[in-house]
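# Examination of the molecular architecture
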Amino acid sequence: MVNRYSLGIVQKICFAAMLIVLAAICQKLLAFSNFPPIPFLRISFGGPALIIFSSILLGPIFGALVGGASDLIGFVVFDPKTTSGVPFFQITLLYVVLGCVSYFVFKYIEKIKNKKVILLTELITFVAIFVGVTLFMFLKDNLTIYGKTYEFTTAIRIATTIITFILLCCLFLINLLLAKRFEKKYENISVYAISFSCFLIELVVMLLFGTAMKVWAFSSATFLPVFFTQLVVSFLNVPLNTFLISYIIVLMDKTLKKNLA
């Protein structure tokens, strides 16, 4: 997946500029954010996927550039100027790391040839996370965020469990459908490797490192509430990023591979 196109420096700069603009738009306009009880939470439709893809296509340096620049430009152009005078450098650093690390994760995972091992590992890990989220919801009575306590009612517990289970099923359904659609036609694409890479990136960068950065940026937040909310969102991010990155790679193969080989 990585290093599959022979791009010159000028081509990389052009692609980076395009991806910065698209990622900024997706991160800010095609996103849900500024939730009243959880201001640090953002659900972006396409932003992280484009940053990850920029790392795959252009390498770690340009990937880091796309990640950092898209966050800064998105803040300057789209964020309400009344919320903060300057962007949180911790959040910008998160997207810089996302753009850099993704290249190495994909490069390592594509060396694993056994698809069953990849799929089984991802399945076991996500089921374990699902069980952990469910137990957390049912064993705790409340969660305190920004000094305000939110009770886990029976309805909230059931709804959260059902939604995360549906998203878990969607992840593996998307894997199966995309693999069936693409892998016979495009030999160099492994949907399971893409999915597992997105999972590792979500776990290490967005969940662990991202939680630490958001706790640092929002000093009144504590680690557990941020980690828990990010954990639930990961059930949406992994299948979404898998779907988008798979289609973008296929689009690149169709339009550019012959011209750039």
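Residues numbered from 1 in each chain as written. Predicted model: local features only at pLDDT ≥ 70, side-chain atom pairs only at ≥ 80, totals over all residues. Heavy atoms only, no water.

A word on the overall build of the protein. Secondary structure assignment for the protein yields 9 helices and 4 strands. Overall, the protein shows an N-to-C arrangement of helices and strands of α-β-β-α-α-α-α-β-β-α-α-α-α. Considering only residue pairs separated by 6 or more positions, the protein has 75% of its internal contacts joining residues 24 or more positions apart. When the accessible area of the protein is evaluated, it comes to approximately 12,800 Å², of which 72% is carbon and sulfur surface. (Helix = DSSP H or I, 4+ residues; strand = E, 2+ residues; numbered from the N terminus. Contact = heavy atoms within 4.5 Å. Areas by Shrake-Rupley, 256 points an atom, 1.4 Å probe, with all protein chains shown as cover.)

Quick look at the packing of helix 7 (residues 191–217) against helix 8 (residues 223–255) now. One way to put it is that helix 7 packs onto helix 8 with a least axis distance of 8 Å and a crossing angle of 150 degrees. As for how helix 7 packs across helix 8, the hand of that crossing is right-handed. The residue makeup of the contact of helix 7 with helix 8, split by class, is 16 nonpolar, 8 polar and 2 charged. (Axes fitted to C-alpha atoms, helices over the stretch in contact; angles between N-to-C directions. Left-handed = near helix turned anticlockwise from the far one by under 90°. Nonpolar A, V, L, I, M, F, W, Y, C, P; charged D, E, K, R; others polar.)

Now for the nonpolar core. Membership of the largest hydrophobic core comes to 63 residues, with the highest contact counts inside it found for Leu58, Leu98, Phe106, Phe235 and Ile245. Residue assignment for this core shows that the elements contributing at least two residues are helix 1 (9–28), helix 2 (47–58), helix 3 (60–78), helix 4 (89–109), helix 5 (115–139), helix 6 (154–182), helix 7 and helix 8. When near neighbours in sequence (up to four residues on either side) are disregarded, Leu58 contacts Leu7, Lys12, Phe15, Ala16 and Leu19. (Core = buried A, V, L, I, M, F, W, Y, C linked by side-chain atoms within 4.5 Å. Buried < 20%, exposed > 50% of the residue type's maximum accessible area, 1.4 Å probe, protein only.)

For the protein, mean pLDDT is 82; residues scoring 70 or higher make up 83% of the total. The weakest mean pLDDT in the protein belongs to helix 9 (residues 257–260) at 55; the strongest belongs to helix 4 at 93. (pLDDT = per-residue confidence, 0-100.)

Turning to a nonpolar patch on the surface, a few remarks are in order. Side chains of Leu120, Leu123, Ile124, Val127, Val131, Leu135 and Leu139 sit close together on the surface and give an oily, nonpolar patch of about 630 Å² of accessible area. On the secondary structure map, Val131 appears in helix 5. (Patch = residues over 30% accessible without salt bridge, like charges linked within 9 Å, V, L, I, M, F, W, Y side chains within 5 Å. Salt bridge = Lys/Arg side-chain N within 4 Å of Asp/Glu carboxyl O.)

On to empty space enclosed by the protein. Any empty space left between the atoms is revealed when a probe the size of a water molecule rolls over them. All told, the structure shown has 2 cavities of 30 Å³ or more when counted by the stated rule. In this model, the second largest cavity occupies a volume close to 40 Å³. Together, Phe126, Ile129, Phe199, Glu202, Leu203, Leu207, Ser234 and Val238 line the second largest cavity. For the lining of the second largest cavity, the secondary-structure elements that each account for two or more residues are helix 5, helix 7 and helix 8. At 4 residues, helix 7 tops the list of elements feeding residues into the lining of the second largest cavity. Here the residues of the lining of the second largest cavity are counted per class, giving 6 nonpolar, 1 polar and 1 charged. (1 Å grid on protein atoms, 1.4 Å probe; cavity = no way out; pocket = protein on both sides within 12 Å on 5 of 7 lines; lining within 4 Å. Points joined across faces, edges and corners; volume = space filled by probe spheres on them.)

Moving on to the packing of aromatic side chains. Applying the stated criterion across every chain, the model contains 8 aromatic pairs. The interplanar angle of 80 degrees and the centroid separation of 5.0 Å between the aromatic rings of Phe126 and Phe235 together place this pair among those described as edge-to-face. In this pair, Phe126 sits in helix 5 while Phe235 sits in helix 8, placing the two residues 109 residues apart along the sequence. Accessibility expressed as a relative area gives 1% for Phe126, which makes it buried. The class for Phe235 is buried, based on a relative accessible area of 1%. (Phe/Tyr/Trp six-rings, centres within 6.5 Å; stacked < 30°, edge-to-face > 60°.)

The sharpest bend along helix 7 measures roughly 40 degrees and falls at Gly210. Among the 27 residues of helix 7, 19 are classified as buried, and the element is accordingly described as predominantly covered. (Bend = angle between axes of the 7 residues up to and from the residue.)

Remark: helix 2 packs on helix 3, axes separated minimally by 7 Å, with the N-to-C direction vectors making an angle of 155 degrees. Comparing the axis directions of helix 2 and helix 3 gives the class roughly antiparallel. In this structure, helix 2 meets helix 3 at a crossing whose hand is right-handed. Side by side, helix 2 and helix 3 meet where Ile51, Ser54, Ser55 and Leu58 of the first sit next to Pro60, Phe62, Gly63, Val66, Gly67 and Ser70 of the second. For the contact of helix 2 with helix 3, the residue count by class is 5 nonpolar, 5 polar and no charged. (Parallel < 35°, antiparallel > 145°, perpendicular 65-115°, else oblique.)

A few words now on the side chain of Ser55. You can see Ser55 is positioned in helix 2. Residues contacting Ser55, with those up to four places away along its chain left out, are Pro60, Gly63, Gly99, Cys100, Ser102 and Tyr103.

Attention shifts here to the environment of Glu151. Relative to the helices and strands, Glu151 is located in strand 4 (residues 148–151). The exposure class assigned to Glu151 is partly exposed, which follows from its relative accessible area of 46%. Along the chain, Glu151 and Lys140 lie 11 residues apart, while their C-alpha atoms are 9.0 Å from each other. Discounting residues that sit within four places of it in the chain, Glu151 has contacts with Asp141, Asn142 and Ile156.

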